[in-house]
Amino acid sequence: MNISYGVCISLMLLSAPIAFAKEHVVSQKGKQFAPEELTISAGDTIVFKNDDDTSHNVFATGEGSKFNLGIQKPATETRHDFTSPGEMTIRCAIHPKMKIKVVVK
Ligand SMILES: [Cu+2]
């Protein structure tokens, strides 16, 4: 196979998902989410960064948006894909005061 043809196909495959889904970064710092409200589109991903020196545990219990990302150590990332529209409050299982409202359009 022609090499430039192969490179072209690879680039198309790599760039395809980026055109439709966005990544949103949410920080966990000082035992708070930042931002504390976020509107995204269905298909988008939220990357949760732990910028604290304590562990966190991101989870949600809403209808159609149930997930638990597990214990997350400092300086690590977890991520979740939001596939269907809705509104939810995402919390930390370790720090009950931590919450972020997410609207998926
Ligand atoms: Cu926490």
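Refer to the structure printed above.
It should be emphasised that the depicted structure is a prediction, and the values quoted were computed from it without experimental measurement.

A. Summary view of the sheet that holds strand S7 (residues 77–81). Overall, mixed pairing links the 4 strands, which are arranged S2-S1-S4-S7 in an open sheet. Where the open sheet ends on each side, the last strands, each with one partner, are strand S2 (32–34) and S7. Within the sheet, the average angular offset between the axes of one strand and its neighbour, ignoring direction, is 25°. Direction of pairing for strand S1 (residues 23–29) relative to strand S4 (residues 45–50): parallel, over a ladder of 6 bridges. Residue pairing for S4: His24 is matched across the bridge by Ile46.

B. Geometry of the coordination of the copper ion. Looking at the metal site, the copper ion is ligated by His56 (ND1), Cys92 (SG) and His95 (ND1), spaced 1.9 to 2.2 Å from it. Along the chain, the residues donating to the copper ion are arranged with the sequence spacing H-x35-C-x2-H. With His56 in the loop between S4 and strand S5 (58–60) and Cys92 in strand S8 (residues 86–92), this pair connects stretches of sequence that are 36 residues apart. For the pair His56 and Cys92, a shared accessibility class is recorded, and that class is buried.

C. Region of interest: the environment of Lys73. Inspection of the secondary structure assignment puts Lys73 in the loop between strand S6 (67–68) and S7. Classification of Lys73 as exposed rests on a relative accessible area of 57%. Between the C-alpha atom of Lys73 and that of Asp51, which follows or precedes it by 22 residues, the distance is 9.5 Å. For Lys73, the residues in contact, after removing those within four places along its chain, are Asn50 and Ser55.

D. Examining the side chain of His80 more closely. Its location among the elements puts His80 in strand S7. Among all residues touching His80, those that are not within four sequence positions of it are Asp44, Thr45, Ile46, Phe48, Phe67 and Leu69.

E. Structural detail: the packing of aromatic side chains. Enumeration according to the criterion identifies 2 aromatic pairs in this entry. Between Phe33 and Phe48, the aromatic rings sit 6.3 Å apart at their centres with planes inclined by 70°, giving edge-to-face as the arrangement. Linking Phe33 in strand S2 with Phe48 in strand S4, this pair joins segments that are 15 residues apart in sequence. The two residues Phe33 and Phe48 agree in class, both being buried.

F. Here's a closer look at the pattern of salt bridges. One pass over the full model with this rule turns up 2 salt bridges. Across the pair Glu23 and Arg79 runs a salt bridge whose closest N-O atoms are separated by 2.8 Å. Separated by 56 residues along the polypeptide, Glu23 in strand S1 and Arg79 in strand S7 bring together distant segments of the chain. For Arg79, a relative accessible area of 43% gives the class partly exposed. As a salt-bridge pair, Lys101 and Glu87 come within 3.8 Å of each other at their nearest N and O atoms. Residue Lys101 is found in strand S9 (residues 99–104), and its partner Glu87 is found in strand S8; the two are separated by 14 residues along the sequence. On the basis of relative accessible area, Glu87 is assigned to the exposed category, the value being 57%.

Conventions used here
- Residues numbered from 1 in each chain as written.
- Predicted model: local features only at pLDDT ≥ 70, side-chain atom pairs only at ≥ 80, totals over all residues.
- Heavy atoms only, no water.
- Pairing = 2+ DSSP bridges.
- Helix = DSSP H or I, 4+ residues; strand = E, 2+ residues; numbered from the N terminus.
- Axes fitted to C-alpha atoms, helices over the stretch in contact; angles between N-to-C directions.
- Donors = N, O, S within 2.8 Å, 3.2 Å for Na, K, Ca; no water.
- Buried < 20%, exposed > 50% of the residue type's maximum accessible area, 1.4 Å probe, protein only.
- Contact = heavy atoms within 4.5 Å.
- Phe/Tyr/Trp six-rings, centres within 6.5 Å; stacked < 30°, edge-to-face > 60°.
- Salt bridge = Lys/Arg side-chain N within 4 Å of Asp/Glu carboxyl O.

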